[in-house]
Amino acid sequence: MNSARREATRQKLYEAAVTLIAEQGFSSTTVDEIAERAGVAKGTVYYNFASKNDLFEELLRHGVGLLTASLREASEGAVASGGSNVDALDAMIRAGLEFIARYPSFTQLYVAELWRTNRAWQSTLMMVRQEAVAVVEKVLGAAVDAGELSDEIDVPLTASALFGMVLVAALDWQAFQPARSIDDVHAALSRLLQGRVGGPRV
């Protein structure tokens, strides 16, 4: 199987697994069901992944990797177009909302797994989460250094708070306020960023 075809197969398996696990939980989801939902033979699952646990661990790594890349791209794009570091943070909020709107099942699964500490993939989950938060932390630090934000903020904690804010607000939007547009939700979170975190040094 060539690399492009194998990657396409793995993508189908990721999509099938995340949908099933979001619907019925990890323990209740079988490899047979994942294969059936993906439209492949059961052996294809084991050709690509050693076990269901391995598939799920790689799914988390893959999904959070996509989120991290989208945050980084949004930040770099804002700065390249002449924006400030706060503009870059705002662009990351938008990118996070767009990611969650595109992959709602993955986001639900990811947030649920963050609260479980007995999983085999817990260390992987923490590692990829930190990679995503580090993108936010880097821009926050640059904003503080540039005088765009107060030097009194706790950068690591604020980065985690912003990351979590977008995840939870987006899930609330999807579940309870789906009629609201992404522009509306982004504007609300943007105002929160500008009012609560922003503000030059005095």
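Residues numbered from 1 in each chain as written. Predicted model: local features only at pLDDT ≥ 70, side-chain atom pairs only at ≥ 80, totals over all residues. Heavy atoms only, no water.

Caption draft 1: The arrangement of the pattern of salt bridges in detail. The tally for this structure, following the rule as stated, stands at 7 salt bridges. A salt bridge links Arg37 to Glu23, with the nearest nitrogen and oxygen atoms 3.4 Å apart. In this pair, Arg37 is assigned in helix α2 (residues 31-38) and Glu23 in helix α1 (residues 3-24), connecting sequence segments 14 residues apart. For Glu23, a relative accessible area of 52% gives the class exposed. (Salt bridge = Lys/Arg side-chain N within 4 Å of Asp/Glu carboxyl O. Helix = DSSP H or I, 4+ residues; strand = E, 2+ residues; numbered from the N terminus. Buried < 20%, exposed > 50% of the residue type's maximum accessible area, 1.4 Å probe, protein only.)

Caption draft 2: Structural detail: the UniProt feature "domain: HTH tetR-type" (unreviewed entry) in the protein. Within this numbering scheme, the UniProt entry marks residues 7-67 as carrying the feature "domain: HTH tetR-type" (unreviewed entry). Across residues 7-67, the secondary structure splits into 80% helix and 0% strand, with the terminal C-alpha atoms separated by 18 Å. (UniProt positions renumbered as here; feature names shortened; annotations may be inferred.)

Caption draft 3: Spatial organisation of the domain arrangement of the protein. As far as domains go, the protein holds domain 1 (1-49) and domain 2 (52-193). Domain 1 and domain 2 are separated by 26 Å when their C-alpha centres are compared. Contact residues are listed per partner, giving 15 residues for domain 1 and 13 residues for domain 2. For the pair domain 1 and domain 2, the summed buried area comes to about 1400 Å², and 75% of that belongs to carbon and sulfur atoms. Of all residues in domain 1, Tyr14, Val18 and Phe26 give up the largest surface area on contact with domain 2, accounting jointly for 45% of the area buried on that side. Applying the counting rule to domain 1 against domain 2 returns 0 salt bridges. Linking domain 1 to domain 2 there are 3 residue pairs in polar contact (both at pLDDT 80 or more). Sorting the residues of the side of domain 1 that touches domain 2 by element identifies α1 and α2 as the ones contributing at least two each. (Domains from an automatic or database assignment. Contact = heavy atoms within 4.5 Å. Buried area = accessible area lost by both parts, 1.4 Å probe. Polar contact = N/O pair within 3.5 Å; in protein donor to acceptor, adjacent residues only side chain to side chain.)

Caption draft 4: Up close: the packing of α1 against α2. It is the contact of α1 with α2, at a shortest axis distance of 8 Å, that shows an interaxial angle of 125°. Considering their axes alone, α1 and α2 lie oblique with respect to each other. Our pair here, α1 against α2, has a crossing hand that is right-handed. Of the residues in α2, those touching α1 at Lys12, Leu13, Ala16, Ala17, Thr19, Leu20, Glu23 and Gln24 are Glu33, Ile34, Arg37 and Ala38. (Axes fitted to C-alpha atoms, helices over the stretch in contact; angles between N-to-C directions. Parallel < 35°, antiparallel > 145°, perpendicular 65-115°, else oblique. Left-handed = near helix turned anticlockwise from the far one by under 90°.)

Caption draft 5: The arrangement of the packing of aromatic side chains in detail. A full pass over the atoms with the stated rule returns 5 aromatic pairs. Here the aromatic rings of Phe99 and Phe106 are separated by 6.3 Å at their centres, their planes lie at 85°, and the arrangement is edge-to-face. You'll find Phe99 and Phe106 in the same group, each marked buried. Above the plane of the ring of Phe26 lies Lys52, whose end atom (NZ or CZ) is 4.3 Å from the centre. (Phe/Tyr/Trp six-rings, centres within 6.5 Å; stacked < 30°, edge-to-face > 60°. Lys NZ or Arg CZ within 6 Å of the ring centre and 35° of its normal.)

Caption draft 6: Structural detail: the packing of helix α5 (residues 85-102) against helix α8 (residues 155-176). Interhelical geometry of α5 versus α8 gives an angle of 40° and a closest axis separation of 10 Å. Relative to α8, α5 is oriented oblique. The crossing of α5 and α8 is right-handed. Note on element contacts: α8 touches α5 through Leu162, Met165, Val166, Leu167, Ala170, Trp173 and Gln174, opposite Leu89, Ile93, Gly96, Leu97, Ile100 and Ala101.

Caption draft 7: Focus on the UniProt feature "DNA-binding region" (unreviewed entry) in the protein. As annotated by UniProt and renumbered to match this structure, "DNA-binding region" (unreviewed entry) occupies residues 30-49. From the first C-alpha to the last, residues 30-49 spans 14 Å; its make-up is 75% helix and 0% strand.

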